[in-house]
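Chains, contacts and geometry: an overview
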Amino acid sequence: MRIRWHYGDQLVWQTRMIVLTLEPGESERLAGGAPNLQRIYGMPIDPVPYKRPASSEPACRAVVAARIHTPGTEERLLRRLRIRVMQQGLLDDPELIGAAALDVGLDPAQLEEWGRGADVEAALQADIEAARNPKPAARALDHKLGGPRSRRRYTAPSYELRRDDGLEAVVPGFNPVEAYEVAIANLAPELVLRPKPKHVEDVLAWAGEPLATAEVALIAQLDPRDARAALSRVGKPIAAGADFYWTLA
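Below or above, wherever it landed, is the structure these notes cover.

What counts and what doesn't
- Residues numbered from 1 in each chain as written.
- Predicted model: local features only at pLDDT ≥ 70, side-chain atom pairs only at ≥ 80, totals over all residues.
- Heavy atoms only, no water.
- Helix = DSSP H or I, 4+ residues; strand = E, 2+ residues; numbered from the N terminus.
- Buried < 20%, exposed > 50% of the residue type's maximum accessible area, 1.4 Å probe, protein only.
- Phe/Tyr/Trp six-rings, centres within 6.5 Å; stacked < 30°, edge-to-face > 60°.

Before going further, it helps to examine unusual backbone geometry. The residue after Ala156, namely Pro157, is reached through a cis peptide bond having omega 0°. Note that Pro157 resides in the loop between β2 (153-154) and β3 (159-162). Notably, Gln88 is not glycine yet its phi reads approximately 75°, a positive angle. Tracing the backbone shows Gln88 in the loop between α5 (74-86) and α6 (94-103). For Gln88, a relative accessible area of 26% corresponds to the partly exposed category.

Okay, structure coming up:
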């Protein structure tokens with residue numbers, strides 16, 4: 001989100017689905033919860049194990065269906081899915097996917113019907129294949145990749161950054177936000193960075209969708225405790241796991 005704040009519409013984003021749970025044992029591993037991710041990155045992930053393993057494929061299919069049939073809604077749908085999963089939801093639960101669809105103004109039955117289409121299936125498979133064909137620069141950082149040794153794949157999040165002339169940089173796996181800023185600056189030094197916001201309410205108004213405390217803190221360059229205190233004065237909290245998402249009150 002900080003990259004989006006800094007660069008705005010100077011960047012064009014294309015979000016692709018990895019479908020993490022295709023590899024054997026991955027669903028079971030993810031069902032164990034993510035206490036380390038919560039502790040390190042401060043996102044409101046409930047560290048408690050999920051009640052059962054779940055496949056991410058149905059939710060990924062829904063995002064791809066939105067991308068094809070209602071371009072511009074897929075990012076908001078993906079965020080609502082993430083929020084509900086961080087509230088101990090399961091990504092293969094039709095009710096969770098339907099509720100996330102309603103959150104962004106999509107009809108759940110229509111979204112499900114789109115998901116059965118050949119166009120969505122082809123696009124989802126293309127995403128899956130692309131995620132399992134990392135660029136050479138990513139393969140040089142094998143510890144940032146996932147999957148079996150026989151077929152490595154990107155982990156989430158990973159970024160392929162590309163200029164119009166084809167020059168590119170690859171940043172696989174979790175990294176400090178400064179790593180992305182350096183990569184973008186090397187590819188496109190002419191881009192103008194928007195300065196950090198003066199107030200946390202500016203961030204919430206700009207986003208137009210729920211943001212986690214950690215996201216606001218990163219954009220505003222505040223200590224998470226200071227960000228949480230400021231948000232409590234101007235925002236409406238949405239409890240999720242170990243912390244909160246926020247919208248403008």
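Attention shifts here to the packing of aromatic side chains. Inspection of the entire model under this criterion finds four aromatic pairs. With centroids separated by 5.3 Å and ring planes inclined at 85°, the aromatic side chains of Trp5 and Trp206 adopt a geometry described as edge-to-face. Of the two residues, Trp5 sits in helix α1 (residues 2-7) while Trp206 sits in helix α11 (residues 200-207), which places them 201 residues apart along the sequence. On the basis of relative accessible area, Trp5 is assigned to the buried category, the value being 4%. What makes Trp206 partly exposed here is its relative accessible area of 28%.

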